[in-house]
Amino acid sequence: MNPRAAAHRILREVRRGTRSDRAASRILPALDPADRGLALDIAFGCLRLRARLDAWIRACADRPPARMDGAVRDWLRIGAYQLTELRTPDHAAVGETVGAARAALGRGRAGYVNAVLRALSRRRNARPFPDPEEDPVGHLCSWGSHPEWLVRRWLARWELADVRRLVEQQNRPPDVVVRMLTGEEPAPPAGVELEPVPGWPRSFRLESGLPQTALSGLRAVIQDPAASAVVDYTGGRLAEPVLDVCAAPGTKALGLAASYGVPVVALDISHRRLARLGAPARRLGLPVSMAVADARRLPVAEAGTVLADVPCTGTGVLRRRADARWRLGQRGLDDLVALQRDIVDACAAAVRPGGLLMYSTCSLEREENEEQVDAFLDRRPDYRREPPPAGARDDCTTPRGDLFVRPWLTGTDGAYAARLRRTA
């Protein structure tokens, strides 16, 4: 299997309902290791930039992509991505793609793919997108490749220039960032090169080498600075027992145990996802134990500290979840808000007086963040918002003292957190 055929298989699995990361983990091992990077780049690029690629295809085909056979449309996106984003030479972008398509589709449908891609190769200097000044929504939906309902939400909240930067950030493949769990400078193993991430003292961008090689010689985890900021925002000395609910894949639990020197119980409803925490906890020698549990029905009578990193839309991490933006919708947001309410209420009941409840998401949406916390405080007058801990970044702190990491300002993922202290 060549990398273009592998990318097409990933797109086919996603079209059938499989999450992009799971599809990739099933398909990429069949490839030569040297080809996996290209296959992943093409597949995830086609998912992130789907609407942008469809605008190119629409300008060169005799019918809109929505009316095409799904397999043909995926091959056209693969070719269009190489031509317009990777700037692959025509003979490779068109020839290799059509050759792989012919093996999968037969000569007739592959001939159609060939004709459209050759037309696109002649029109690469055109710009088949709405004017950003005259139609900013249309531009951000097509060139920006984001769903209209989300673009309109963001434009109602932030300036056009900020939303454009946000969209650009969400369309870039994410960096691999190593988060040191100690204050020491990293001494990476041979073949690994790390560069400091400006503004985030313990975070280092992986410039060369494999993530697993980097971790083999460091007391560190792979974690975006925005997620690290949530751990740091917990602040101060943590009362025990410390629970991390909805914990998988567990890097925040590891960060809590390492940063605050306390045992942490990691709870998650998914045994499969939670199991990934075992190996790094043993490698690092950290006191993190695990249990499968529904966060709405905690198997703990009382806790001193609870981190509720709740399920959310993930609009702050869309660059990491290549297909997620196309699965989101208002109804899904409403369902998640209801689930978050149930989880935060269950966690609040378990925190003893004087204890801390940390509520966090990787969302940018008000309903999941500050409005969720405001509604909780209305229900629970025995809780109050706490100010940010010492050392919190001003550009990541809201006027009310919550953590809010905005990707267009920091170049990281997005994140939100609130410190809620039980007073009685």
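See the structure above.
Treat the numbers as computed from the prediction; the structure is a model and nothing was measured.

**Points about the overall build of the chain**
Next up, step 1: A tally of regular secondary structure across the chain gives 19 helices and 12 strands.
Next up, step 2: For 424 residues, the compact-globule formula gives about 22 Å, and the C-alpha radius of gyration of the chain, at 23 Å, lands near that figure.
Next up, step 3: Counting only C-alpha atoms and orienting by the principal axes, one finds that the chain spans roughly 70 × 50 × 35 Å.
Next up, step 4: Relative to all contacts within the chain whose residues are 6 or more apart in sequence, the contacts with residues 24 or more apart total 70%.
Next up, step 5: Put simply, the chain shows about 18,400 Å² of open surface, and 49% of that area lies on carbon and sulfur atoms.

**Focus: the packing of helix α5 (residues 70–86) against helix α6 (residues 90–105)**
Between two packed helices, the angle of one axis relative to the other and the distance separating the axes together describe the packing.
Next up, step 1: Relative to each other, α5 and α6 sit at 165 degrees, their axes nearing to 9 Å. Here α5 lies roughly antiparallel to α6, going by the angle between them. Classified by chirality, the crossing of α6 by α5 is right-handed. Together, Ala 71, Val 72, Trp 75, Ile 78, Gly 79, Gln 82 and Leu 83 of α5 and Asp 90, Ala 92, Ala 93, Val 94, Thr 97, Ala 100, Ala 101, Ala 104 and Leu 105 of α6 make up the contact between the two elements.
Next up, step 2: Residue classes in the contact of α5 with α6 are distributed as 12 nonpolar, three polar and one charged.

**Some points on helix α2 (residues 20–27)**
Next up, step 1: All buried positions along α2 are accounted for by Ser 20, Ala 23, Ala 24 and Ile 27. The buried residues of α2 all sit within an arc of 95 degrees when viewed along its axis, so they share a single face. Exposed side chains of α2 directed beyond 90 degrees from the buried face belong to Asp 21, Ser 25 and Arg 26.
Next up, step 2: In this fold, the buried residues of α2 make contact with α1 (3–15) and α3 (33–48).

**What about the layout of surface pockets?**
Next up, step 1: In this structure, the second largest pocket spans a volume of roughly 300 Å³.
Next up, step 2: Lining the second largest pocket we find 19 residues, and of these Trp 200, Asp 232, Gly 391, Ala 392 and Arg 393 sit closest to its centre.
Next up, step 3: Elements with a minimum of two residues in the lining of the second largest pocket: α12 (225–234) and β11 (403–405).
Next up, step 4: In terms of residue count, the dominant contributor to the lining of the second largest pocket is α12 (five residues).
Next up, step 5: Looking at the lining of the second largest pocket residue by residue, the classes come out as 11 nonpolar, four polar and four charged.

**Topic: empty space enclosed by the protein**
Next up, step 1: For the structure on display, the rule yields one cavity of 30 Å³ or more.
Next up, step 2: Considered as a void within the structure, the largest cavity measures approximately 30 Å³ in volume.
Next up, step 3: Lining of the largest cavity is provided by Thr 234, Leu 238, Val 242, Leu 243, Leu 256, Thr 305, Val 306, Leu 307 and Met 358.
Next up, step 4: Only β5 (242–245) and β8 (303–309) provide two or more residues apiece to the lining of the largest cavity.
Next up, step 5: Looking at which element gives the most residues to the lining of the largest cavity, the answer is β8, with three residues.
Next up, step 6: Tallied by class, the residues present in the lining of the largest cavity amount to seven nonpolar, two polar and no charged.

**Regarding the sheet that holds strand β2 (residues 193–196)**
Next up, step 1: As summarised here, the arrangement of the four strands in space is β2-β3-β1-β4, forming an open sheet in which the pairing is antiparallel. Of all strands in the sheet, those bounded by a partner on one side alone are β2 and β4 (220–222). Averaged over all pairs of adjacent strands, the angle between their axes in this sheet comes to 35 degrees, without regard to strand direction.
Next up, step 2: With three bridges connecting them, strand β1 (residues 177–180) and strand β3 (residues 203–208) associate as antiparallel partners. In the strand pairing of β3, Val 178 is matched with Phe 204.

**Describing the pairing of β8**
Consecutive side chains of a regular strand alternate in pointing toward one face of the sheet and then the other.
Next up, step 1: With seven of seven residues buried, β8 is to be regarded as a mostly interior element.
Next up, step 2: Sheet topology note: the β5/β8 ladder contains four bridges and is parallel. Note that in β8 the partner of Asp 244 across the bridge is Leu 307.
Next up, step 3: The pairing of β8 with strand β9 (residues 351–361) spans six bridges and is classified as parallel. In the strand pairing of β9, Val 306 is matched with Leu 357.

**A few points about a negative patch on the surface**
Next up, step 1: A surface patch of like charges, here negative, comprises Asp 131, Glu 133, Glu 134 and Asp 135.
Next up, step 2: Residue Glu 134 is classed as exposed on the basis of its relative accessible area, which comes to 72%.

**Brief notes about the pattern of salt bridges**
Next up, step 1: Scanning the entire structure with this criterion turns up 38 salt bridges.
Next up, step 2: For Asp 413, the salt bridge identified is with Arg 320, shortest N-O distance 2.6 Å. On the criterion of sequence distance, the pair formed by Asp 413 in the loop between α19 (407–410) and β12 (415–422) and Arg 320 in the loop between β8 and α16 (324–327) is long-range, its members being 93 residues apart.
Next up, step 3: For Asp 413, a relative accessible area of 5% corresponds to the buried category.
Next up, step 4: Here the salt bridges share partners, and the residues they tie into one network are Arg 15, Asp 54, Asp 74 and Arg 77.

The rules behind each value
All chains use their own residue numbering, which begins from 1 and follows the written sequence. This being a predicted model, a pLDDT of at least 70 is required before a residue's local features are given, and a value of 80 or more before pairs of side-chain atoms are given or counted; all residues contribute to the totals for chains, interfaces and linings. To obtain the side-chain values, all non-hydrogen atoms of the structure were used and water was disregarded. Every helix listed is a DSSP run of H or I at least four residues long, and every strand listed is a run of E at least two residues long, numbered separately from the N terminus. The atom set for the radius of gyration is the C-alpha atoms, and the globule formula is 2.2 Å times the number of residues raised to the power 0.38. Here, residues are in contact when the closest pair of their heavy atoms is within 4.5 Å. Per-residue and other accessible areas were derived by the Shrake-Rupley procedure at a 1.4 Å probe size, with only the shown protein chains allowed to occlude residues. The angle between two axes is taken between their N-to-C directions and runs from 0 to 180 degrees, where each axis is a line fitted to C-alpha atoms and a helix contributes only its stretch in contact. Here is the rule for angles: anything less than 35 degrees is roughly parallel, anything more than 145 is roughly antiparallel, 65 through 115 is roughly perpendicular, and the remaining ranges are oblique. Note: crossing handedness is left-handed where the near helix turns anticlockwise from the far helix by less than a right angle, and right-handed where it turns clockwise. Three residue categories are used. Nonpolar comprises Ala, Val, Leu, Ile, Met, Phe, Trp, Tyr, Cys and Pro, charged comprises Asp, Glu, Lys and Arg, and polar comprises the others, including Gly. Three exposure classes are used, based on accessible area relative to the maximum for each residue type with a 1.4 Å probe and protein chains only: buried under 20%, partly exposed in between, and exposed over 50%. Think of the arc as the fan of directions from the helix axis to the C-beta atoms. A pocket, in this scheme, is an open set of points on a 1 Å grid over the protein atoms alone with protein on both sides within 12 Å along at least 5 of 7 lines, while a cavity is a set where a 1.4 Å probe fits but cannot get out; residues line either one if an atom lies within 4 Å of a point. Grid points are joined across faces, edges and corners, and a volume is the space filled by probe spheres set on the points. Pairing between strands requires that DSSP locate at least two bridges from one strand to the other. The patch calculation keeps residues exceeding 30% relative accessible area without a salt bridge and links them within 9 Å when they carry like charges or within 5 Å when they are nonpolar (Val, Leu, Ile, Met, Phe, Trp, Tyr). Any carboxyl oxygen of Asp or Glu that lies within 4 Å of a side-chain nitrogen of Lys or Arg is treated as forming a salt bridge with it. Within this scheme the basic residues Lys and Arg register as positive and the acidic residues Asp and Glu register as negative, but His and the chain ends are omitted. Throughout, a charge is located at the NZ atom of Lys, the CZ atom of Arg, the CG atom of Asp or the CD atom of Glu.

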